[in-house]
Amino acid sequence: MKRILIMLLIACLLLCACTPNNPDESSHQSSSESSSSSESESSSSEQSSESSSSESSTSDSYLDIERFEPKSFKNVSFAIKGSKSALTFEAPNEWSFTKTTSNEYDIKRGGNVIGGVLIGTMDDLDEWSIISEKTKDRKTVIAKEYVEQKGTDYRYRWEYSYTEDSVQEQINIVVTCAEVPSLSSYRMLSTSIFKQIYTEPSFGGIDNIADMSSPQILIVGNSFVGTSNIGAILDDMLMSNGKNGLVNAISIGMGNIGRYSQDDYVLGEIATGNYDLVVMSGFYGSDDSASLRVIKEICDDTDTTLVTLPAHNENITSARKASRTCEVKCLEWKTEIDNFINGGVSKWALCINDSYYHSTELAGYIGAHMIYRAIYSECPSEPQSQTISQSEVDRLLGDYSSTGRVEVVDTSKIRYLG
């Protein structure tokens with residue numbers, strides 16, 4: 001019996017020795033391992049999310065860059081050497097352009113280089129990633145704007161592509177992002193245009209005058225014919241070039257083609273048959289074809305050539321339509337004057353500062369030159385007129401007297417590449 005009690009006591013002691021001191025310890029350890037694993041996975045997920053967010057926001061961080069805001073803009077023109085046309089656009093007035101090589105210009109602001117201009121395809125495009133792109137078809141030029149990134153650097157690049165004489169050309173402009181606010185971006189993209197530096201002069205079109213050495217010409221118009229002195233200037237041109245012609249200019253204040261087609265004096269003068277050429281102005285209506293036809297019929301009956309010459313304040317669309325309908329040549333005096341003004345000649349050199357902006361004698365010289373070229377298919381070799389100083393003509397109109405072309409883009413302001 002005593003032996004049995006001793007054995008039971010030993011068994012109890014052994015059982016106590018095998019039981020853990022804290023009954024929840026094993027459970028807690030398992031829970032801790034599970035929690036640690038969950039936290040690790042959560043941390044890994046958060047790091048992955050942060051990495052993804054960082055990658056997606058990198059390309060947009062250029063939007064947060066502080067930009068220089070220009071106060072005003074200016075027209076800028078670039079042309080490839082030998083080209084008949086120029087690329088023009090609006091750039092911040094604070095930008096300056098300095099030629100560094102024959103094919104490249106630096107763009108500076110405040111003496112610091114902020115970009116450049118060059119012809120052809122750029123050789124560093126592989127180093128930059130495009131993160132934004134816009135395209136504007138300006139008819140004469142395809143303008144593309146790229147926002148590009150290389151590491152932490154961002155830049156704007158404008159690519160202007162155009163075709164001249166069946167050859168495609170390209171001019172690139174690059175500027176650091178901090179110099180291009182939204183307004184500059186818009187102007188650089190949307191104002192670009194590729195246009196001829198000079199107009200193509202018109203020659204000929206009046207080839208049925210009986211005696212080219214002694215043309216008899218009648219010009220009919222309103223006060224613009226009078227103030228411009230176009231008749232006297234044309235008469236001088238004919239005389240200076242050995243033509244024994246006669247120019248008669250009728251100026252009727254507030255006149256128009258509708259009135260002339262019912263004016264007994266005008267119609268009677270044309271009907272005399274004394275003129276080889278009648279030049280008509282006065283197109284102000286939406287359709288002056290019927291009025292012009294009345295005059296055309298009289299000219300046909302007297303074997304007289306009729307042409308139209310819309311003055312500077314007239315409706316060029318109406319003049320073109322009436323001329324086309326009546327099959328007569330239109331000498332676009334108005335357009336020629338506007339081309340000079342758009343090309344940089346002062347408006348006040350061509351227009352009188354009065355309530356109607358009447359044409360000056362310089363404008364009259366342009367009209368007379370156009371008529372002379374239409375008759376003889378050439379510029380007058382001796383363009384002088386006693387009515388207006390030839391030196392003044394040459395100073396303001398450039399080589400127009402000898403070429404008949406109009407400088408539409410101011411060549412003194414063109415920057416050449418190549």
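Everything here concerns the structure above.
The notes below deal with the structure included here. (Residues numbered from 1 in each chain as written. Predicted model: local features only at pLDDT ≥ 70, side-chain atom pairs only at ≥ 80, totals over all residues. Heavy atoms only, no water.)

### A look at the environment of Tyr62
Okay, so step 1: Its location among the elements puts Tyr62 in the loop between α2 (25–58) and β1 (73–80).
Okay, so step 2: Residue Tyr62 is classed as buried on the basis of its relative accessible area, which comes to 9%.
Okay, so step 3: Tyr62 sits 87 residues away from Gln149 along the chain, and the two C-alpha atoms are 8.7 Å apart.
Okay, so step 4: Leave out the neighbours within four places in its chain, and Tyr62 touches Arg67, Ile131, Ser132, Val147, Tyr154, Tyr156 and Cys177. (Helix = DSSP H or I, 4+ residues; strand = E, 2+ residues; numbered from the N terminus. Buried < 20%, exposed > 50% of the residue type's maximum accessible area, 1.4 Å probe, protein only. Contact = heavy atoms within 4.5 Å.)

### Thoughts on the side chain of Ser184
Okay, so step 1: Considering the arrangement of structural elements, one finds Ser184 in helix α3 (residues 182–190).
Okay, so step 2: Among residues more than four places away in sequence, those in contact with Ser184 are Pro70, Phe73 and Pro92.

### Some points on α3
Okay, so step 1: Buried residues of α3: Ser184, Ser185, Met188, Leu189 and Ser190, and no others.
Okay, so step 2: Looking at the packing, one finds that the buried side of α3 touches β1, β2 (85–92), β6 (129–137), β7 (142–150), β8 (153–164) and β9 (167–176).

### Considerations on unusual backbone geometry
Okay, so step 1: One non-glycine residue with positive phi stands out, namely Ser166, at about 65°.
Okay, so step 2: Notably, Met254 is not glycine yet its phi reads approximately 60°, a positive angle.
Okay, so step 3: Take Met254: it is sitting in the loop between β12 (246–251) and α6 (257–260).
Okay, so step 4: Met254 sits in the exposed class, given a relative accessible area of 61%.

### Some points on the packing of aromatic side chains
Each pair of aromatic rings is reported with the distance of its centres and the angle of its planes.
Okay, so step 1: Applying the stated criterion across every chain, the model contains 10 aromatic pairs.
Okay, so step 2: Geometrically, the ring pair formed by Phe78 and Tyr105 is edge-to-face, given 5.3 Å between the ring centres and 80° between the ring planes. Residue Phe78 is located in strand β1, and its partner Tyr105 is located in strand β4 (residues 104–109); the two are separated by 27 residues in the primary sequence. Pair check on accessibility: Phe78 and Tyr105 agree, each one buried.
Okay, so step 3: Among the aromatic residues, those joined into a cluster by ring pairs are Phe78, Phe89, Phe97, Tyr105 and Tyr160.
Okay, so step 4: The ring of Phe203 carries the charged tip of Arg373 above its face, separated from the ring centre by 5.6 Å. (Phe/Tyr/Trp six-rings, centres within 6.5 Å; stacked < 30°, edge-to-face > 60°. Lys NZ or Arg CZ within 6 Å of the ring centre and 35° of its normal.)

### Focus on the sheet that holds strand β10 (residues 193–196)
Okay, so step 1: Spatial strand order, β10-β2-β1-β16: four strands in an open sheet with mixed pairing. Of all the strands in the sheet, just β10 and β16 (414–417) have a single pairing partner and so form its edges. Taken over all neighbouring pairs, the strand axes of this sheet differ in orientation by 35° on average, direction set aside.
Okay, so step 2: In the sheet, β1 pairs with β16 via four bridges, with the strands oriented parallel. Residue pairing in the sheet places Ser77 in a bridge with Ile414 of β16.
Okay, so step 3: Along the sheet face, α3 touches β1 and β2 and points at about 170° away from the line of β2. (Pairing = 2+ DSSP bridges. Axes fitted to C-alpha atoms, helices over the stretch in contact; angles between N-to-C directions.)

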